[in-house]
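These are the residues of each chain, in order.
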Amino acid sequence: MNDTLFERLAGPLRLGLGGAPLGNLFAPLDDESAERTIEEAWRQGLRYFDTAPLYGHGLSEQRLGRVLGKQPRDSFALSTKVGRLLRPDPAAPEERDGYVQGLPFAPHFDYSFDGAMRSIEESLERLGLARIDIAFIHDIDRHTHGEQQPERFREAMAGAYRALDRLRAEGVLGAIGIGVNEWEVCRDAMAAGDFDCMMLAGRYTLLDASAARELVPLCVARKVRLILAGVFNSGILASGSTSNAHFDYRPAPPAVREHVERLAGICAGFGVALPAAALQFALACPCAAAVVVGARSPAEITQSVAHSRVPIPAALWDALAREH
């Protein structure tokens, strides 16, 4: 990853805005609220924005493009993803893939060379921008594909990876990576191709730090940057162990809620809110280029920025480490 791109990616806060909520994840969000959220992220100093065709089936890309198109292109970094192509669907259901009232398109997996090239072209059209900084191959993990994952992985490395590698060599893309929920897939991809960065969701958190032992040292040694997402594990580290709390996209089981209660109690003993500790835990990862947070309102952006600045005593990290 070139130095200029890294500086724009990191920004003054090393926080990025994740685009899934801007695509109406779980609940509808009107255009005005979405755009005010993006504008507040900019005002607060965020300069990295991540999206994907999946997010609202093109809606997130459209909304981000409308706002970011007003800013100088070299003043921010933008990433999107390949692996799904959108086909028109006039009879699109109210909810699909967790996205409510998205655009009338249906996503279809396509990890081929031609599919990736077409995906980048279509994303540029939806964004209304002339350049994408980082392209991730999206969801080539078992969480998404189950027993078909090895086949999908091979398809992506033989097809989408070659497309992105070519676009990087031509200067169309500044960096390439994969975006997944499983650190093992990041490791396997690093062995199979030359990647600049990895977007990893939910595996370097206060609840699940499974990426720390093997993947993080590997990234440090290979100079591959991590972009950490899902640092609240679908919200439970932000909202606490309420009865409707979610963990990794599903209702949180009792054992996880109990674990969160213990973590929250430890943080409270040091006068620190659990979400602040969760966010700064990810920011402290030795190879993290940025931490991506989702938001549905300007207030949520303001809160995340405030959490990133809370002083955290070293003794709290020691106490939390004993809970892993």
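Before reading on, note that the structure itself is shown above.
Note that the coordinates shown come from a computational prediction; the quantities given were computed from them, not determined experimentally.

J.: Lay out the sheet that holds strand 3 (residues 77-82) in plain terms, naming residues and giving numbers.
T.: Sheet architecture is closed into a barrel: eight strands sit in the order 1-2-3-8-9-10-11-14, paired in parallel fashion. Across this sheet, the average inter-strand angle for adjacent strands is 25°, counted without regard to direction. Where strand 8 (residues 134-138) and strand 9 (residues 175-180) come together, five bridges link them in parallel fashion. Residue pairing for strand 9: histidine 138 is matched across the bridge by glycine 179.

J.: Help me get a handle on unusual backbone geometry, residues and values and all.
T.: Positive phi, normally seen in glycine, also occurs at asparagine 233, with a value near 50°. Within the secondary structure, asparagine 233 is located in the loop between strand 11 (225-229) and helix 10 (236-239). Residue class for asparagine 233 comes out buried when judged on its relative accessible area of 1%. A positive phi angle is found at serine 234, which is not glycine, with a value near 70°. In this fold, serine 234 is placed in the loop between strand 11 and helix 10.

J.: I'd love a proper account of the pairing of strand 14 (residues 288-294), names of residues and values included.
T.: In terms of residue burial, strand 14 counts as a mostly covered element, since six of its seven residues are buried. Pairing of strand 1 (residues 15-18) with strand 14, which is carried by four bridges, proceeds in the parallel orientation. Pairing of glycine 18 across the sheet is with glycine 294, part of strand 14.

J.: Outline the side chain of arginine 63, listing residues and values.
T.: Positionally, arginine 63 belongs in helix 3 (residues 59-68). With a relative accessible area of 3%, arginine 63 lands in the buried category. Of note is the side chain of arginine 63, whose polar atom sits 3.0 Å from the side chain of asparagine 24. Not counting residues within four places of it along the chain, the set of residues in contact with arginine 63 comprises Leu22, Asn24, Leu29, Asp30, Asp31, Ala34 and Ile38.

J.: So, the packing of aromatic side chains: which residues are in play, and what are the values?
T.: Enumeration according to the criterion identifies eight aromatic pairs in this entry. A ring pair is formed by phenylalanine 281 and tryptophan 317, whose centres lie 6.4 Å apart and whose planes are at 45°; its orientation type is tilted. With phenylalanine 281 in helix 12 (residues 274-283) and tryptophan 317 in helix 14 (residues 314-321), this pair connects stretches of sequence that are 36 residues apart. Among the residues examined, phenylalanine 281 registers a relative accessible area of 16% and is labelled buried. Exposure remark for tryptophan 317: the relative accessible area of 25% places this residue in the partly exposed category. One aromatic cluster in this structure is built from Trp42, Phe49 and Phe76.

Rules behind the numbers
- Residues numbered from 1 in each chain as written.
- Predicted model: local features only at pLDDT ≥ 70, side-chain atom pairs only at ≥ 80, totals over all residues.
- Heavy atoms only, no water.
- Pairing = 2+ DSSP bridges.
- Helix = DSSP H or I, 4+ residues; strand = E, 2+ residues; numbered from the N terminus.
- Axes fitted to C-alpha atoms, helices over the stretch in contact; angles between N-to-C directions.
- Buried < 20%, exposed > 50% of the residue type's maximum accessible area, 1.4 Å probe, protein only.
- Polar contact = N/O pair within 3.5 Å; in protein donor to acceptor, adjacent residues only side chain to side chain.
- Contact = heavy atoms within 4.5 Å.
- Phe/Tyr/Trp six-rings, centres within 6.5 Å; stacked < 30°, edge-to-face > 60°.

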